[in-house]
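Summary of the model geometry
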Amino acid sequence: MQNKLKTVANFIISSIVSGMLSAWILIPTIFEIASSKGSYTINNIKWKFEYFSIRYAWKTF
C-alpha cells in the first residue's frame, strides 16, 4: 500500500511540474504571437471548400 501511494504521489508531482514547465514556455509565446503576428490574422472564416474534394479523392482510385 505504501509503494502504491508513493507511486501515485510521484506521478502527481511529476504532472504538476511538467505542466508548469510547459506553461513557462507556452504563455510568453502566446502573448508574443498575439501582440505581433496575431493581429494580422483573418477574423472571418469562410465555411466553404476551395476545391471539390470528392473529385480529388476519386483520382486516387
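This report concerns the structure included in the present document.

1. Considering the overall build of the protein chain
Each helix and strand in the protein chain was counted, giving two helices and zero strands. Within the protein chain, buried positions represent 0% of all 61 residues. When the accessible area of the protein chain is evaluated, it comes to approximately 6600 Å², of which 70% is carbon and sulfur surface.

2. Details of a nonpolar patch on the surface
Nonpolar side chains collect at one region of the surface, where Ile13, Val17, Leu21, Trp24, Ile25, Leu26 and Ile30 lie side by side and expose about 760 Å² of accessible area between them. Summarising the element assignment, Leu21 is placed in helix H1 (residues 2–35).

3. A short note on H1
End to end, H1 covers 49 Å across 34 residues, agreeing with the expected 50 Å (1.5 Å per residue, within 8%). The largest bend in H1 amounts to roughly 25° and is located at Ala23.

Thresholds, definitions, all that
Residues numbered from 1 in each chain as written. Predicted model: local features only at pLDDT ≥ 70, side-chain atom pairs only at ≥ 80, totals over all residues. Heavy atoms only, no water. Helix = DSSP H or I, 4+ residues; strand = E, 2+ residues; numbered from the N terminus. Buried < 20%, exposed > 50% of the residue type's maximum accessible area, 1.4 Å probe, protein only. Areas by Shrake-Rupley, 256 points an atom, 1.4 Å probe, with all protein chains shown as cover. Patch = residues over 30% accessible without salt bridge, like charges linked within 9 Å, V, L, I, M, F, W, Y side chains within 5 Å. Salt bridge = Lys/Arg side-chain N within 4 Å of Asp/Glu carboxyl O. Expected span 1.5 Å × (residues − 1). Bend = angle between axes of the 7 residues up to and from the residue.

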